[in-house]
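The lines below spell out each chain.
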Amino acid sequence: MFNLINQRKLMCIAVAGALASLAMAASAQEAVKATEGAASNNASDNGAGESGKKTAAAKQANPDVVQEVIVTATRHATSLLKTPVAVTAVTQEELTRDGITDVRGLSGEIPNLQIGTAADGSSGVQIAIRGVSNNDFTEVGNPAVGLHINGLYSPRPQGALALMFDLEQVEVLRGPQGTLFGRNSTGGSINIIAAKPEIGSWFGSYEQEVGNYNHLQESIIQNIPVGENVALRFTGMKSQRDSYINQTQDTYTVDLPALGFPSMGVPSTDQRHDTHVSASKAYMNKDEWAGRLTALWRITPDLKTLASFENFQNSDAGDIALKDCEQAQNTPFACTAAHPQFSASINLPGITNMSIRTIRSDTTWSVDKHTDIEYNISRAVERRYAQQDSDSGYQPLPFQVTANPSNPGGTWPVYDNQTYTLASKYASTTQELQLRQNYDNLRTVIGAFGMSERNSIDFGQDFLNGGYPYSNFYHQPDRASVAKALFAQSDWTFVPKWTLTTGVRFTRDSRADTGGEYFSDYNNQYFNGITNPPGPGSAGFNIFNSSNYLPGMGAAYGTSAFNGAAVISNNSQSWSKTTGRLGLMFQATPTDMFYASLSSGYKAGGFNDLTNLCGTALDPQGNPYNCLSGPPGPHYSFLPYKPETVVNLEAGYKGKMLDNRLTFSATIFYERYTNMQVTGQHTIGESDQPCPATNPTCNAVISWYSTANVAQANIAGLEIEGQYRPWKGGRLAYAGSLLHAVVGSYPTYSDDQGCASRQLAGAVPCAPYYTGSDPALAELRPYNVKGNRLPYAPDETINLSFSQEIGMPGDYTLTPWIMARWQSKEFFSLRNLETSTMSDEQKAYATVDLALRLNSPMNKWHAEAYVKNATNTLSKTWAGYGGPNQSFVVATYNDPRMYGVRFGAEW
């Protein structure tokens, strides 16, 4: 493992080991003084009224020591420092202080957790833990980091956008969770635990936040006792903010007479949906709200049931990719005063209308003092309509425009791409039954898991790029997924201080597509018979403008816009896998714990849309070509791909020292990531189309967007975190990570992004086309990425925060708080292109957040001023090649400097 880590990392690991040794020595000297808060024996302690009990306990606890944290990472409620898993817990108080309202805000706050935002109009969120992630956000894509709500799996990556509010805490488990949180958790798991009603208590709170960009955020909580055995809890949150980009209308008009494109006097871009929008409706704004009603019924002292209904509504404009002006500044594509960094010229205003409605129920029966039985079920329905201007208004420069379509360095005079999700519905039912037992030296959990999901979507794209406008459209009325699993895990203290963990999970996944239809009009049928397209212009090909685009044309009008035959998809497939966990824990002293474990995780396989392996090209007689080998075609395939797996070996230490004023956790790990599923361009076959000597691979059949098993990776690293109370009222929290996540094998990687423009920008040119006889490499530009970093996997991260509570006259308290975060560079593709003018990286950067909070006596009200990203650091959450002919780097970005004030009251 250590041969994968460079000398700098070895030095850091040695320092961490020395710190751990010092920590153990200090702890051993103070073990007699140490006090350990008693953790509840069973996970049922997460039920009725526990948040109120924890609050009361916290008020009575010594504020000058680090408080005990209870987590559910083992499906039992255990002390964080006695849980042999790499897990971090974040409370609602910390989320509010850090301004975090959805999981994207956790990026960089937790060791080896990075989160990016999709720029493809899918509203997807890419979550990576230790470099393990997934880049398919469609209705068939499966995340590599499982998202759980109250311990129950939530299948769609779009659900990560839902507001996080009124929580007990968020638990982030790192490494494959193939036993207890099994489904699609090869990277890890995020468990969002909502606060619960408290029986017999009437209380509530309200908080309002106002800030720059007309930011307004409000939240309210009300707990209502109903008799002696029932309680209700209502909570709601709303968040709105103007966009921080300058969005103008895209009325670009071609006027290049010397190149054969004289002005037509009207905009060349599609104007059917173009309209002015204010900053409150522009891309990168916020407009979302959520509400939750939870009821708790204590049927008997030993039987409780919890039920909740939650609604989330997102009505913002969505995200959009913008040119990286810093990289473009020394190239022909430098940003201009009319189109600077945070600006976009838009002819299709963004719309997102996404709702997620969820009903959950959790029933727990304490059979006796040793045994609990718990049954959870949830039903979630997510609906989404969205439209996105996918070009951001970047038009080709005159020197790029050519009258010769075969010129690989040229492009058309107009660039106008649009993406539509006309309708989608993701409906899932998830349930889990657990039997938990806890004896003096044996703790077990046995469970059964089931999930069924039915998805439908109408999705299409328009490419109105000059001479040959075309569209494609996917009508997928019924995509079903079913997952079933049985699991068991035990923790056996076979001798004092030593505990053996064994766990196993058997999973079976299946997926079926019924009646899927794919439409395309590559044969210039975009105008759908509504009008005859204009004839060839002076340059010898068609010139279209806004007057030619009429209602009824294109993806915005669904299947009615396509008069050709659809490709029909009907298919089903299943996969199964056994994963497990083997661990050993040594409780050296009451405050020092060491552990080691071997665990595995699995993500289900899948298949793509029906595809002709002989391609879609037609011969001069209008007939399709056959495949190069085999009987006459066409030959169709769903391009199936296998499950991916991760095996993780890790060891760690967790402990307290200095009279419980300091906690320290360290984990070192090595992961083997195999059959990596990558979504993108893949060569899938060869046709018998004759090719000229100048283009010998013209017969290669390329799937431009599909998923395949193409790579293997090796991942090693170190994670540390903890808290320190140096003196009265002072609190220091720290976290850091080292990561070496690299490709071990990827024989068919193709270096084919931005090739024409990389040379113009002075960047490293693309690899040459393959000219050998291996059909798997035909039409590719093979490039050796072995040793390259995985996306979203910076080598080093550091996170430090400090607050100091200052007593004021009249029992008021004033608390200044500062957090600084630094991370080394990270890449967004496996190419790891690293040049000053075109790259797929985010350079190393740091951010600083500040806050100053005033608390009234008895904490009845508070006021807080804050600044997020005080240094106004420009940092990317995704980057790729965009613009005409992939001319430059485009990216999505974290928010710029945000500042404001919060006011809150409790009753």
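What you see is a predicted model, and the numbers here were worked out from it, not measured in a lab.

**Examining the overall build of the protein chain**
Along the protein chain, the regular secondary structure elements total five helices and 41 strands. Computed over C-alpha atoms, the radius of gyration of the protein chain comes to 29 Å, within 12% of the 29 Å expected from 2.2 N^0.38 for 907 residues, which places it in the range of a compact globule. Across its three principal axes, the protein chain shows a C-alpha extent of roughly 90 × 60 × 55 Å. Looking at the protein chain as a whole, 57% of its 907 residues are labelled buried. Pairs at least 24 apart in sequence give 73% of the contacts found in the protein chain among residues at least 6 apart. As presented, the protein chain carries roughly 35800 Å² of accessible surface, and 58% of it is formed by carbon and sulfur atoms. Distance from the positive charge centre (66 side chains) to the negative charge centre (81 side chains) of the protein chain: 6 Å.

**Remarks on the state of the cysteines**
Structurally, a disulfide amounts to a covalent bond that connects the sulfur atoms of two cysteines. The full count for this structure, using the stated rule, is four disulfides. The disulfide partner of C755 is C766, and the gap between their sulfur atoms is 2.1 Å. Taking the sign of the S-S torsion, about -100° here, the bridge from C755 to C766 comes out left-handed. Linking C755 in helix α5 (residues 755-760) with C766 in the loop between α5 and β32 (796-804), this pair joins segments that are 11 residues apart in sequence. The same class applies to C755 and to C766, which are both buried.

**Here we look at the packing of aromatic side chains**
Summed over the entire model, instances satisfying the criterion amount to 23 aromatic pairs. Taking the centre distance of 6.1 Å and the plane angle of 70° together, the rings of W727 and F802 count as edge-to-face. One end of the pair, W727, is in the loop between β30 (700-724) and β31 (730-745); the other, F802, is in strand β32, and 75 residues separate them in sequence. One aromatic cluster in this structure is built from Y213, Y244, F342 and Y893. Taking the ring centre of Y769 as reference, the NZ or CZ of R781 above it sits at 4.1 Å. In this structure, R902 packs its charged tip against the face of Y866, placed 4.3 Å from the ring centre.

**As for the sheet that holds strand β40 (residues 888-893)**
Overall, antiparallel pairing links the three strands, which are arranged β16-β40-β39 in an open sheet. Of all strands in the sheet, those with a lone pairing partner are β16 (322-323) and β39 (876-882), marking the two edges.

**A few points about the nonpolar core**
Judged by nonpolar contacts, the single largest core of 31 residues is most densely connected at L106, I127, M164, V170 and I192. Other than its neighbours up to four places away in sequence, I192 contacts V103, L147, H148, I149, N150, M164, L167, Q169 and V170. Counting 27 residues, the second-largest nonpolar core is a separate cluster that includes Y283, M838, Y881 and M898.

**Observations concerning the pattern of salt bridges**
Evaluation of the coordinates by the stated rule reveals 38 salt bridges. Among the salt bridges present, the one from R292 reaches E310, with a minimum N-O distance of 2.9 Å. Linking R292 in strand β14 (residues 286-300) with E310 in strand β15 (residues 303-314), this pair joins segments that are 18 residues apart in sequence. E310 shares its class with R292; the two are buried. Close ionic contact of D751 with R758 constitutes a salt bridge, the shortest N to O distance being 2.9 Å. Like D751, the residue R758 is buried in the burial classification. A cluster of three or more residues bridged by salt bridges with shared partners is formed by R130, R174, E650, E671, E719 and E721.

**Re a nonpolar patch on the surface**
A cluster of nonpolar side chains, namely Y439, L442, W492, F494, V495, W498 and L584, defines an oily patch on the protein surface of about 590 Å² accessible area. No other element matches strand β22 (residues 470-495), which puts three residues into the nonpolar patch. Examined against the element boundaries, W498 turns out to sit in strand β23 (residues 498-520). Residue W498 is classed as partly exposed on the basis of its relative accessible area, which comes to 32%.

**A look at the environment of P340**
Within the secondary structure, P340 sits in the loop between α4 (325-328) and β17 (343-346). When the C-alpha positions of P340 and N246 are compared, they lie 9.0 Å apart, and in sequence the two are 94 residues distant. The residues touching P340, leaving out its near neighbours within four places in the chain, are C325 and C335.

**Describing the sheet that holds strand β3 (residues 87-91)**
Ordered by their spatial adjacency, five strands build an open sheet running β3-β8-β9-β6-β7, and the pairing between neighbours is mixed. Edge positions in the sheet fall to β3 and β7 (152-154), since each of these pairs with one other strand and no more. Strand-to-strand twist across the sheet, computed as the mean angle between neighbouring axes with direction ignored, equals 25°. Across five bridges, β3 lies against strand β8 (residues 167-174) in antiparallel orientation. Across the sheet, T91 pairs through a bridge with Q169, a residue of β8.

**Structural notes on unusual backbone geometry**
With a phi angle near 50°, D166 is a residue other than glycine that sits in the positive phi range. With respect to the secondary-structure elements, D166 resides in the loop between β7 and β8. According to the relative accessible area criterion, D166 is buried, its value standing at 7%. Phi at N832 is positive, roughly 55°, even though this residue is not glycine. Inspection of the secondary structure assignment puts N832 in the loop between β35 (826-827) and β36 (841-842).

Calculation criteria
- Residues numbered from 1 in each chain as written.
- Predicted model: local features only at pLDDT ≥ 70, side-chain atom pairs only at ≥ 80, totals over all residues.
- Heavy atoms only, no water.
- Helix = DSSP H or I, 4+ residues; strand = E, 2+ residues; numbered from the N terminus.
- Rg over C-alpha atoms; globule rule 2.2 N^0.38 Å.
- Buried < 20%, exposed > 50% of the residue type's maximum accessible area, 1.4 Å probe, protein only.
- Contact = heavy atoms within 4.5 Å.
- Areas by Shrake-Rupley, 256 points an atom, 1.4 Å probe, with all protein chains shown as cover.
- Lys, Arg positive; Asp, Glu negative; His and termini not counted.
- Charge placed at Lys NZ, Arg CZ, Asp CG, Glu CD.
- Disulfide = S-S within 2.5 Å.
- Phe/Tyr/Trp six-rings, centres within 6.5 Å; stacked < 30°, edge-to-face > 60°.
- Lys NZ or Arg CZ within 6 Å of the ring centre and 35° of its normal.
- Pairing = 2+ DSSP bridges.
- Core = buried A, V, L, I, M, F, W, Y, C linked by side-chain atoms within 4.5 Å.
- Salt bridge = Lys/Arg side-chain N within 4 Å of Asp/Glu carboxyl O.
- Patch = residues over 30% accessible without salt bridge, like charges linked within 9 Å, V, L, I, M, F, W, Y side chains within 5 Å.
- Axes fitted to C-alpha atoms, helices over the stretch in contact; angles between N-to-C directions.

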